[in-house]
Amino acid sequence: MSFLRTSAIIIYVWLFACSGFADLDVDQIILPKIDQKAGEQLGYCSMQPGRGVDPPIVSYHYPTYPMPTLETRTCEILFGNLSCCSRVQTEAFKISPEYNEARSSLSSCPACFFNVLTMWCGWLCSPWQANFVTATSWNRNTSVISSSDYTMHEEFTDRVYQSCQSVHLNNKTVSNIYPTPQAFVNWVMGMKTSVKVNPIITNNVTERAFNFTTAPCNASCDCSQCPSSCHFSPNMDLDLSNTHPTIEMFNSDWSYFKLGLAISYLALIVIFFTAVTIWLALYKSEPLKKNLPLVGVLLAVILAVLGTGLGISVAIKSECGVTMFNGRWSCATLGFAIAMVSVVLCFPIALSLVTYWILFRTRTRSVISEAGSGIRMTWQEIAMDPSARQKGWLQKYFLWHGALCASHPKKIIILSLLVTAALSAGMFNLEQENDLNKMWISASSQALANQQTFNNYFGSFYRREQVIITYEDPTRDILKTNEVMIVLFYLEQLIGDMSVKSDDQVVSLKNLCYKPIPDKGCQVLSPFEYWQRSVSRLDSTPPWKHISFCSQNPRHESCLTQLGLQLDPDLVLGGFTKSNFEDTKAVIVTWELTDYPYNLKATESWEKLFVEMVRDFKRDFPNFNFVYNTESSMKNELALERPAVLPSIIGSYCVMLVYIALALGTLFPIRSTKYLLIDTKFTLGLGVMIMVAGSLTTSMGLCGMFGLKNTLEVALVLPFLILALGIDNVFVLVDAFEQTNTSFDVQERVAEALSQVGSSMALASLSEGLAFLLGLIVDIPAVRTFSTFAGVAILYNFLLQISFLISCLALDAQRQKDNRLDLFACYKIKEWDPAPQDKLLPMLGRKRSKALLRSFAQRYLAPFVLHPFIKIVLLFGFVGMFMIGLLFCTEVDVGLEQQDFLPTSSYVLDFIKARNEYALVGPPLYFVLTNMNFSDPFRQNQVCNLPGCQWNSLMSYAKASPVIHTNNQSTDWVDAYLLWSQSPSCCRDNLKSGRRCSSNSSDLICQECMSMTSANRPPNSEFSEFLIWFLNSRMDENCPVIGNQFASDVMVSRDTMEISASRIQFYHEPLSNSKIQLEALKTAYTIVEKTGISGFAFSNFYLFTEEYLYVRTETWEQIGICLGAVFLMTIILLGNPGIAIAVVGVVGMILVDVLAGMYLFGLELNGISMVNILLAMGMSIEFCVHTAHAFSRSVGTKNQRSYRAMVEMTSPVVSGVLMTKIVGLTVLSFSQSIFIREYYFGMYCIILVMALLHGVFFLPVVLSLMGTDKYALSLPQKFQYPIEIDKRLVEPL
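No experiment lies behind these values; they were computed from the predicted model shown. (Residues numbered from 1 in each chain as written. Predicted model: local features only at pLDDT ≥ 70, side-chain atom pairs only at ≥ 80, totals over all residues. Heavy atoms only, no water.)

A.B. asks: What exactly am I supposed to notice about the pairing of strand β26 (residues 1059-1068) here?
C.D. replies: Regular strands have side chains that alternate between both faces of the sheet. Most of β26 is tucked away: eight of the 10 residues are buried. As paired elements, strand β21 (residues 924-930) and β26 share seven bridges and run antiparallel to each other. Counted as the bridge partner of Val928 is Arg1063 from β26. Where strand β22 (residues 964-965) and β26 come together, two bridges link them in antiparallel fashion. The partner of Ile964 across the bridge, within β26, is His1068. Inspection of the sheet shows strand β25 (residues 1050-1052) paired to β26 by three bridges, in the antiparallel sense. Note that in β26 the partner of Val1050 across the bridge is Ser1062. Hairpin connection of β25 to β26: six residues between the antiparallel strands, including Met1057 at a positive phi of 60°. (Buried < 20%, exposed > 50% of the residue type's maximum accessible area, 1.4 Å probe, protein only. Helix = DSSP H or I, 4+ residues; strand = E, 2+ residues; numbered from the N terminus. Pairing = 2+ DSSP bridges.)

A.B. asks: Help me understand unusual backbone geometry, please; the structure alone is not making it clear to me.
C.D. replies: The general pattern is negative phi for most residues beyond glycine and trans for most peptide bonds. Of note, Gln532 is a non-glycine position whose phi angle comes to about 55°, a positive value. Here Gln532 lies in the loop between β17 (524-525) and α22 (543-552). Of note in the backbone geometry, Asn931 takes a positive phi value of approximately 55° without being a glycine. Its place among the elements puts Asn931 in the loop between β21 and α34 (937-943). Accessibility expressed as a relative area gives 66% for Asn931, which makes it exposed.

A.B. asks: Mind showing me how you'd approach the state of the cysteines here?
C.D. replies: Chemically, a disulfide is nothing more than a covalent bond linking the sulfur atoms of two cysteines. Across all of its chains, the model carries five disulfides by this definition. A sulfur-sulfur separation of 1.9 Å characterises the disulfide bridge that pairs Cys513 with Cys522. With the S-S dihedral at roughly -70°, the linkage between Cys513 and Cys522 falls on the left-handed side. Of the residues examined, Cys513 reaches a relative accessible area of 7% and is grouped as buried. One disulfide in the model links Cys550 with Cys559; its S-S distance is 2.1 Å. An S-S torsion of about -80° defines the bridge between Cys550 and Cys559 as left-handed. A single burial state applies to Cys550 and to Cys559, both of which are buried. (Disulfide = S-S within 2.5 Å.)

A.B. asks: In this structure, what is going on with the sheet that holds strand β9 (residues 196-202)? I would like to understand it.
C.D. replies: Pairing is mixed across the open sheet formed by three strands, whose spatial order is β5-β6-β9. Both outer strands of the open sheet, β5 (133-138) and β9, are each paired with one neighbouring strand and no more. Between one strand axis and the next, the sheet turns through 20° on average, direction left out of account. Of the pairings in the sheet, the one linking β5 to strand β6 (residues 145-153) comprises five bridges and is antiparallel in character. By the bridge assignment, Thr134 is partnered in β6 with Asp149. Where helix α5 (residues 110-124) meets the sheet, it contacts β5, β6 and β9, and its direction lies at approximately 120° from that of β6. Against the sheet, helix α9 (residues 181-190) touches β6 and β9, its axis set at about 155° to β9. (Axes fitted to C-alpha atoms, helices over the stretch in contact; angles between N-to-C directions. Contact = heavy atoms within 4.5 Å.)

A.B. asks: Help me understand the confidence of the model for the chain in this model?
C.D. replies: Caution is warranted with low-pLDDT regions, since their predicted coordinates should not be read in detail. Overall, the predicted model of the chain reaches an average pLDDT of 76, with 72% of residues at or above 70. Across residues 232-241, confidence stays below pLDDT 50; counting only partners more than four residues off in sequence or on other chains, it has 17 contacts. Here residues 363-390 is modelled with pLDDT under 50, and outside its nearest four sequence neighbours on either side it reaches 74 contacts, counting other chains as well. (pLDDT = per-residue confidence, 0-100.)

A.B. asks: Would you mind going over the nonpolar core with me for this structure?
C.D. replies: For soluble globular proteins, the rule of thumb is that nonpolar side chains tend to be buried together. Membership of the largest hydrophobic core comes to 273 residues, with the highest contact counts inside it found for Ile469, Trp591, Trp973 and Trp980. With 18 residues, helix α30 (residues 781-817) is the largest single contributor of residues to this core. Not counting the four nearest positions on each side in its chain, Trp591 is found in contact with Arg463, Arg464, Glu465, Val467, Leu491, Glu492, Ile495, Leu509, Gln523, Val524 and Phe610. Counting 50 residues, the second-largest nonpolar core is a separate cluster that includes Cys85, Ala102, Phe113 and Val188. (Core = buried A, V, L, I, M, F, W, Y, C linked by side-chain atoms within 4.5 Å.)

A.B. asks: Got a minute to help me understand the environment of Val133 in this structure?
C.D. replies: Looking at where Val133 falls in the secondary structure, it is placed in strand β5. Take Val133: its relative accessible area is 1%, and that puts it in the buried class. Here the alpha-carbon distance between Val133 and Gly122, two residues 11 residues apart in the chain, equals 9.0 Å. Contact partners of Val133, with chain neighbours within four places excluded, come to Ser46, Met47, Trp123, Ser148, Asp149 and Tyr150.

A.B. asks: Can you walk me through the packing of aromatic side chains in this structure?
C.D. replies: Where two aromatic rings form a pair, the distance of their centres and the angle of their planes describe that pair. Scanning the model with the defined rule gives 45 aromatic pairs in all. Aromatic side chains Tyr150 and Phe210 sit 6.1 Å apart centroid to centroid with 45° between the ring planes, which places their arrangement in the tilted category. With a gap of 60 residues between them, Tyr150 in strand β6 and Phe210 in the loop between β9 and α10 (234-237) connect regions that are remote in the sequence. Both residues of the pair, Tyr150 and Phe210, count as buried. Measuring from ring centre to ring centre gives 6.0 Å for Tyr397 and Trp400, while their planes differ by 40°; the resulting arrangement is tilted. In this pair, Tyr397 and Trp400 are both assigned in helix α16 (residues 393-407), three residues apart and thus about one turn of the helix distant. (Phe/Tyr/Trp six-rings, centres within 6.5 Å; stacked < 30°, edge-to-face > 60°.)

A.B. asks: What's the story with the pattern of salt bridges in this structure? I'm lost.
C.D. replies: Where charged atoms from two side chains of opposite charge come close, those side chains can pair. The final tally for this structure, using the stated rule, is 15 salt bridges. Between Arg619 and Asp616 there is a salt bridge, with its nearest N and O atoms 2.5 Å apart. With a relative accessible area of 57%, Arg619 lands in the exposed category. Taking the relative accessible area as the measure of exposure, Asp616 reaches 38% and is therefore partly exposed. Among the salt bridges present, the one from Asp812 reaches Arg815, with a minimum N-O distance of 3.1 Å. A residue pair is termed a helical-turn pair when its members lie 3 or 4 positions apart in one helix, as Asp812 and Arg815 do in helix α30 at three residues. No difference in accessibility class separates Asp812 from Arg815, as the two residues are buried. In the salt-bridge network here, residues are joined through shared partners; they are Asp477, Lys480, Glu582 and Lys585. (Salt bridge = Lys/Arg side-chain N within 4 Å of Asp/Glu carboxyl O.)

A.B. asks: When you look at the packing of helix α41 (residues 1111-1134) against helix α43 (residues 1167-1192) in this model, what are you seeing that I'm missing?
C.D. replies: Think of two packed helices as two axes; the pair is described by the angle between the axes and how far apart they sit. In the contact formed by α41 and α43, the axes pass within 11 Å of each other and the chain directions differ by 20°. As the angle between them shows, α41 and α43 are arranged roughly parallel. The element α41 and its partner α43 pack so that their crossing is right-handed. Residue-level inspection shows Val1111, Glu1114, Thr1115, Gln1118, Ile1119, Cys1122, Leu1123, Val1126 and Leu1134 of α41 in contact with α43, the latter providing Met1170, Ile1173, Leu1174, Met1177, Ile1181, His1189 and Ser1192. (Parallel < 35°, antiparallel > 145°, perpendicular 65-115°, else oblique. Left-handed = near helix turned anticlockwise from the far one by under 90°.)

A.B. asks: What is the right way to read α16 from this model?
C.D. replies: Since one α-helical turn is 3.6 residues long, residues separated by three or four positions face the same way. Along its 15 residues, α16 runs 21 Å from first to last C-alpha, staying within 8% of the 21 Å computed at 1.5 Å per residue. Taken together, the buried positions of α16 are Leu394, Phe398, His401, Gly402, Cys405 and Ala406. What you see down the axis of α16 is that its buried residues fit within an arc of 125°, all on one side. Across from the buried face of α16, at angles greater than 90 degrees, the exposed residues are Trp393, Lys396 and Trp400. (Expected span 1.5 Å × (residues − 1). Arc of directions from axis to C-beta.)

A.B. asks: Quick question: what am I supposed to make of the environment of Ala1061 here?
C.D. replies: Residue position: Ala1061 is located in strand β26. Its relative accessible area of 0% is what places Ala1061 among the buried residues. Taking the C-alpha atoms as reference points, Ala1061 and Val928, separated by 133 residues in sequence, lie 7.0 Å from one another. If we skip the residues at most four places from it in the chain, Ala1061 touches Tyr457, Phe458, Leu929, Thr930, Asp1049, Val1050 and Met1051.

A.B. asks: Can you help me understand a nonpolar patch on the surface in this one?
C.D. replies: Together, Tyr397, Trp400 and Leu404 make up an exposed nonpolar region whose accessible area comes to about 320 Å². Given a relative accessible area of 52%, Trp400 falls into the exposed group. (Patch = residues over 30% accessible without salt bridge, like charges linked within 9 Å, V, L, I, M, F, W, Y side chains within 5 Å. Areas by Shrake-Rupley, 256 points an atom, 1.4 Å probe, with all protein chains shown as cover.)

A.B. asks: When you look at the environment of Gly1043 in this model, what are you seeing that I'm missing?
C.D. replies: With respect to the element layout, Gly1043 can be found in the loop between α38 (1027-1032) and β25. We classify Gly1043 as buried; its relative accessible area is 0%. Separated by 13 residues in sequence, Gly1043 and Phe1030 have C-alpha atoms that sit 5.1 Å apart. Filtering out sequence-adjacent residues up to four positions away, Gly1043 remains in contact with Phe1030, Leu1031 and Ser1033.

So, in structure tokens, the structure goes:
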């Protein structure tokens, strides 16, 4: 019987819900026979129906009577024809305040409302009324009851409470407001005003109490109102995390990627040292053959003992509590594992080291000593002239080219300047790009396409101008007095009357504002709207009380806005917890403006005046704090930021150029103070400045000719880039010139220097230029633009280096040779005798200027780096760093914070801080539905959130999403239209005229306009017919559904009555940073994908955030393509695959470690950091290719060639790249801009450190191990000299 009764009730509730709470015919369902417990008095009432709609009167065992057949039914569906109430009572009950209040509050869950109705009907109409309802007080004359006791069984009230506990009331669930069934029942029965009901809950089975079948909430309630209705886990189903699969080890989660890297690194160590031991043991030296087996046994025993001791020390512990591989390990198991790993890992390392020690101590011949290869070389060997080698075609070309430029320096300089000036003429056509949309939003962006579709259907997305008001004392509650409402009145009046002149027209708010209801007025979201923006409606009641009332009664006439719409308190208040409005700390006012392109200038002028007016307005109210923001504020503040950062940038460039002029001079050792101005190279430094400036202007001129626009990144980064990537070539060239034979003429020395390093300069410049030009494949306009400017500038800078700079170098060298003063070449100093150090190399007749860095590299750095033990340490250290970098580089966050761009004094920073602290709602979100035939119930059910809708509908997903703000007021036009069509009082038409009848019309010829289908949906033919009626409908006391608020959300063709597009509005939750914004975007996109609707999700910030979906992929693609370009250029210009692989590998390791450094220092991956990664690519090439080129053109063994390369290239590369940048970065570190400090100073420091470590320390080690002699040329016999070998340094590899 219980099962049948429950089933019948569920069927009834489903029909009850589908009917929109319209009454049903009792014949539609089959109720089980009513049978209460034996002994209960059936057929007796304790209350007798009163006269008409009067309250019931006291009765003693008044016999029940059958109710007549009624057209509308309420309680009789539960008890059949036996009841203790009359038709008039049930009719009066259906229009009573308590019924309508409960229906309004609980209608989102029909099962809950039905169970509450059952509770009321039990008290009013149950045929067992005398068993559990007792009148406690009544009028002695009229017998009208004023109070009664109502005893209910605990089981019944628990089931009612369970069906209602997740229903949303006042932005909170029932369980949050009423934590116990008793509290909830007190609220339900306390709604009755005519009779005071005292609910009593008992669990005494012998006591007579009301206990009736209830409907479970999953019978008709959606997922957001009933957890048991959820057919999916929202958090799991919308899981958007990109974390790697994990396994638990040592009580922490290790990703398989992380575990694989660790195992690979340890395996590499074991394999390497095992291979070294085997390789060394192949040499049959007697001491090694005698000692090695014994050493191996002893080591094994020692390590076994140590490992076992370590394992036992763990195993004897009483409790380890360690989870390994998702299982708990005992102490014994963990100890055994530790012992085995210790032995396996340490044995090959110790054995190889002992083996090498035996060889070193016995000084026996090894494979290295047989080859006669040491790493410390004599000065004469290092000074051997590479020009004695036979030159290749590229060296021959640069020899000819250098001789040509050095022979006609003045002509070449003039020609270079003329060509540069001609190519720079396009600068006059170069425009500045200030539109952030065009700078950072790809033309192929899905969000941009969605915005255009949105604008085509609904007009431009509106602009938001906001003001947040708090007390100066932030701890004060702002809604306890009407003071803030008076402030809002004056502020809104001021903004409403404000006007600005633009293009000979005067525009004000009414011309610019967004109007959700056509011809109604501007939409202003303000708490003052709860008083319809009328001061006369304010009274002595604290504002928070009225707002609290409106949150519970959002459809109440006094709570609607001036436009007749409902207002969500979360949109206009901030700083309160849950629904405790008394604690409100801030009020938020939002003006929404249209964003039509033709009116943009006027709108931005109005916004500028808005900022000025609010700034002036706040002075009149010193007790309040005002923070404000407009849609154009960020753009205007960025325009002010550019002049602010220019002093830092220009100062950085000036300091670097002064350093270059000083560093190029031959100041060590100083000959004499008399010759100081001869040995400096300020003139050459001036030529370098002209060369850098010419590269920049030519790049801008050429790009300007082709219609490209200048951007902030080009203006700030490009000069630094040219100085970073072009100056090292200058230092390499000057250093090579100083190493040439001083007995040659200047023209011969210049030609010889260019032939030696020209291919190196070409390799660096062409690789960098090609890498930057490949940045055109990146789908971010600002990155593509910068890549184009940078690629052109680098390539043209190289052309100037081998023409203009060569000529300047020849003139400056001739000046120095003639003892003419720097910068004042007309003044000549008396001839001087050669210094003693210039006579050290009579064989080659070469003047040597041993700079500090060169001397340090020869004496200390190169021998240290190439020492066998140090090479092993460096090899595994850098490989370990690379593997750690692989782990961290995948964890770099993507995004870019707005506040990082703003000056510290910006008013927008104050607004962002206040918004993050107080705002409860984020930016608006729209789901746009296109090409959906809503006449089809299937399409309706894909969207709606009513009974009968799909469990995975759009509204269900949205309400389950943690990044979308919803409450019990959140609705959509589909749900509203279905409720409107299901309600007899809303959709009514005149039988004669066919026109719509008002909801309160009593005309008998007015009837329900639609005959609903069995699924309680409008018929296909009538859906579109009455949609226009719905969109024109307004809320009244008989129809609580507002249709005209959706008038601008549904695009209906008046001819075909088809819906071309519609939109559903939500708001995101507060989005305090770009990471949360990205998660919000991904969630919205995923919801559209999973619901299968035809349409898209759109919010304004998606335009900038969408790039972060692909920035990781694009970054790795860019790195891979650029590395391929570097490999190609290295192969072509050096012809050595081994060196090419080494260079590309080291450059790739630098980039990975740079990304890891970004993660460690909290820098995010975005378009700007992508530009910096391209810069890192160029600087990595600079630190590597010169050393690789020097290695390729050197002679001797791999160790000797690495030694020579380090000595030759450490000084010019470090002086030209590292020191220049350190000087410039020192100036940038004092910048007041967060953006400059983080993405220029901070990231450039990471790039410099990584490039320096890998290029100076790691690359020579790799070349000494991987470099091949197959492609190296040998010196002619007459230039070969004996090599002085340091016997203490024996090479093991």
